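One-letter residues, chain by chain:
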Amino acid sequence: MPAFQRRAIAWPGLFVSFLAFLLAGALVATNARAESGTTAPDRLPAVTSAAQIMPVEVVVAEALQSNPEIAGARSARDAARERVSPAGSLEDPMFEAGVLNAPLSSLSFRREDMTMKMLGLSQKLPFPGKRDLRRQVAAREADAVGYAYQETINRVVLDVKAAYFDLATVIESTHLVEKTRQVLEQFLGIAQARYAVGRSSQADVLRAQTQLSRLDNELIRLDQERPVIEAELIRLLGRRADDGAPAVAPVPEGLHSRETPLPMDTLREAAFAERPQLLALQTLIARNEKALDLARREYYPDFDVRFSYGQREDTLDGFNRDDMVSLTVGVNLPIWRKSKLAPQVAEAIAMRRQASAMYAAQENEVVAGLRQQIATAEQSLKSARVYETGILPQARLTVESSVAAYKVDRVDFLTLLDSQMSLFDYEISYVTVVSNYNKAIAEIDFLTGKSEQ
């Protein structure tokens, strides 16, 4: 074969090898830049001034100020407090004015001795102890509503944190997909160049295109998921459109895992002592005890005290008649015990049993929830540490080694592609377990009644 023909054949191969060397170097640089902190905030997509990066504490503080559900629960608490004083108050006194014993024949005030103009006052007085019991029942109800208000706050905080971490997961995953897609586009360029000169098979090109399509589909899924989470976060924050512009969700910080001690016994004791829902049920038990005492006190009569003053005119012959006063005390007769009073007592007993059963059930639910969330948090944290110290560094070294070996044709294109996609899968899994850990900690805070106020 003539020398010029051998040179003509060799030059394309040398050019492809040189191109592969340059692209492989670019891949290493791309991966190196991406490895400089997979969860750092500067890796988030650029945002406009309308959507600022906000720490989770700032987002929670905004929700506490602006969430309408919290505002409604606060008003319900205030209303319940205002019902305490009236519950123990006396009924309004009754004022009477009229004419007594006027004869129909003449309607004269001077003909009959018992004809008089009358003014009177009457006041109902409950049996001693009833007013205080009614006040105590209302006070316990107000306390229960107050605990329900605090439970609403904690639940909104939990929902805010969950949406916040879900949004951070979507943003971080989107970044990882876009980074990996850039790498695969470079892989595709290498495969196409090598295939053009006969140094690679068409299957390599198709494999790269398939993985690119997979990443495109993942981007579509993330693009659909992000506005849904943002809408939920906007709702929880109580944000509204401003001057016709739609409300914008905050952009979360990068995900990170802050290790928190999770002793089961300590958390269980904290939940029993501070969880608003449990405290509300305890208050309802006390309220139903007082309601039972009040129902039993209804067997005793109430009193109706009446005082009246009668003014009489002089007789027709000028004889003076003395004015008159009257004082009477009436009592109701609680005789309908079987049809009225006994059912009230039975109702109070049943309500007390219901509150006790609900408290026991809620205690069990809290303990079970704590065990589940502690297990989730511990497993997620262990997985995150394994990813940080083992899997991700090894996967990145594998990619670098595959790139270096591919430069000198010591590994095939499939090995190079698989190493990069494995790294991508590990990075996505790492982001997921860190997000799960943060959400589990938020759930534990909610179960133990930890307050953000």
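Residues numbered from 1 in each chain as written. Predicted model: local features only at pLDDT ≥ 70, side-chain atom pairs only at ≥ 80, totals over all residues. Heavy atoms only, no water.

Q: I'm lost on the packing of helix α3 (residues 68-82) against helix α5 (residues 130-196) in this one. Help?
A: Two quantities define a packed helix pair, namely the angle between the helix axes and the distance between the axes. Between α3 and α5, whose axes approach to 8 Å, the crossing angle comes to 170°. Put simply, α3 runs roughly antiparallel to α5. Here Glu-69, Ile-70, Ala-73, Arg-74, Ala-76, Arg-77, Ala-80 and Arg-81 of α3 lie close against α5, whose contacting residues are Ala-142, Val-145, Gly-146, Tyr-149, Thr-152, Ile-153, Arg-155 and Val-156. When its residues are assigned to classes, the contact of α3 with α5 shows nine nonpolar, two polar and five charged. (Axes fitted to C-alpha atoms, helices over the stretch in contact; angles between N-to-C directions. Helix = DSSP H or I, 4+ residues; strand = E, 2+ residues; numbered from the N terminus. Parallel < 35°, antiparallel > 145°, perpendicular 65-115°, else oblique. Contact = heavy atoms within 4.5 Å. Nonpolar A, V, L, I, M, F, W, Y, C, P; charged D, E, K, R; others polar.)

Q: Help me understand the layout of surface pockets in this model?
A: Gaps between atoms show up when a probe of the same size as a water molecule is rolled over them. The space that makes up the largest pocket amounts to roughly 630 Å³. Lining the largest pocket are 28 residues; nearest its centre among them are Lys-161, Thr-260, Ile-441, Asp-445 and Lys-450. Elements represented by at least two residues in the lining of the largest pocket include exactly α2 (56-66), α5, α7 (264-274) and α10 (413-447). Per element, the largest residue contribution to the lining of the largest pocket is six residues, and it comes from α10. A breakdown of the residues in the lining of the largest pocket according to their chemical character gives 14 nonpolar, six polar and eight charged. Around the second largest pocket sit Val-137, Arg-287, Asn-288, Ala-291, Leu-294, Ala-295, Gln-344, Glu-347, Ala-348 and Met-351, which together line it. Listed by contribution, the elements that provide at least two residues to the lining of the second largest pocket are α8 (276-297) and α9 (337-407). Ranked by residue count, the leading element in the lining of the second largest pocket is α8, at five residues. (1 Å grid on protein atoms, 1.4 Å probe; cavity = no way out; pocket = protein on both sides within 12 Å on 5 of 7 lines; lining within 4 Å. Points joined across faces, edges and corners; volume = space filled by probe spheres on them.)

Q: Looking at this structure, I do not really get unusual backbone geometry. What am I missing?
A: Negative phi characterises most residues that are not glycine, and trans characterises most peptide bonds. Here Asn-101, not a glycine, exhibits a phi torsion of approximately 60°, which is positive. For Asn-101, a relative accessible area of 47% puts it in the partly exposed group. (Buried < 20%, exposed > 50% of the residue type's maximum accessible area, 1.4 Å probe, protein only.)

Q: Help me understand the environment of Val-137, please; the structure alone is not making it clear to me.
A: Tracing the backbone through its elements, the reader meets Val-137 in helix α5. Through-space distance from the C-alpha of Val-137 to that of Ala-291 is 6.2 Å; in sequence the pair is 154 residues apart. Leave out the neighbours within four places in its chain, and Val-137 touches Arg-287, Lys-290 and Ala-291.

Q: Whenever I open this one, empty space enclosed by the protein confuses me. Can you help?
A: Under the counting rule described, the total for this entry stands at one cavity of 30 Å³ or more. In this structure, the largest cavity spans a volume of roughly 60 Å³. For the largest cavity, the full set of lining residues is Asn-154, Val-157, Leu-158, Lys-161, Ala-442, Asp-445, Phe-446, Lys-450 and Glu-452. Among the elements of the structure, α5 and α10 are those that each provide at least two residues to the lining of the largest cavity. Per-element accounting of the lining of the largest cavity gives the leading share, four residues, to α5. Class assignment of the residues belonging to the lining of the largest cavity gives a composition of four nonpolar, one polar and four charged.

Q: So what exactly am I meant to see when it comes to a nonpolar patch on the surface here?
A: A contiguous nonpolar surface patch, about 740 Å² in accessible area, is contributed by Phe-95, Leu-119, Leu-121, Phe-307, Tyr-309, Val-325 and Leu-327. At the level of secondary structure, the elements contributing two or more residues to the nonpolar patch comprise β3 (116-125), β5 (303-311) and β6 (324-331). Relative to the assigned elements, Tyr-309 resides in strand β5. Classification of Tyr-309 by relative accessible area gives partly exposed; the value is 34%. (Patch = residues over 30% accessible without salt bridge, like charges linked within 9 Å, V, L, I, M, F, W, Y side chains within 5 Å. Areas by Shrake-Rupley, 256 points an atom, 1.4 Å probe, with all protein chains shown as cover. Salt bridge = Lys/Arg side-chain N within 4 Å of Asp/Glu carboxyl O.)

Q: Even after reading the chapter, I still don't get the pattern of salt bridges, so can you show me in this structure?
A: Oppositely charged side chains can pair when the atoms bearing their charge come close. Under the definition given, this model contains 29 salt bridges. As a salt-bridge pair, Asp-204 and Arg-207 come within 2.8 Å of each other at their nearest N and O atoms. Taken together, the residues span about one helical turn, with Asp-204 and Arg-207 both in helix α6 (residues 202-237) at a distance of three residues. According to the relative accessible area criterion, Asp-204 is buried, its value standing at 11%. One network of salt bridges, in which partners are shared, links Lys-130, Arg-134, Glu-298 and Asp-302.

Q: Is there a simple way to think about α7 in this case?
A: Every α-helical turn comprises 3.6 residues, leaving residues that sit three or four positions apart pointing alike. Residues of α7 that are buried include every one of Met-264, Leu-267 and Ala-271, and no others. Each buried residue of α7 sits inside an arc of 70° when the element is viewed along its axis, so together they form one side. The inward-facing, buried residues of α7 contact α8, α9 and α10. (Arc of directions from axis to C-beta.)

Q: Please clarify how the sheet that holds β6 should be interpreted in this entry.
A: Strands belonging to one sheet form pairs held by backbone hydrogen bonds; the direction of such a pair is parallel or antiparallel. With respect to topology, four strands assemble into an open sheet ordered β2-β3-β5-β6, the strand pairing being antiparallel. Pairing within the sheet leaves two strands with one partner each, and these edge strands are β2 (94-100) and β6. Direction aside, neighbouring strands of the sheet carry axes that sit 20° apart on average. When β5 meets β6, the two strands line up antiparallel, connected through eight bridges. The partner of Val-305 across the bridge, within β6, is Val-329. (Pairing = 2+ DSSP bridges.)

Limitation: the analysis is restricted to geometry and does not speak to function.
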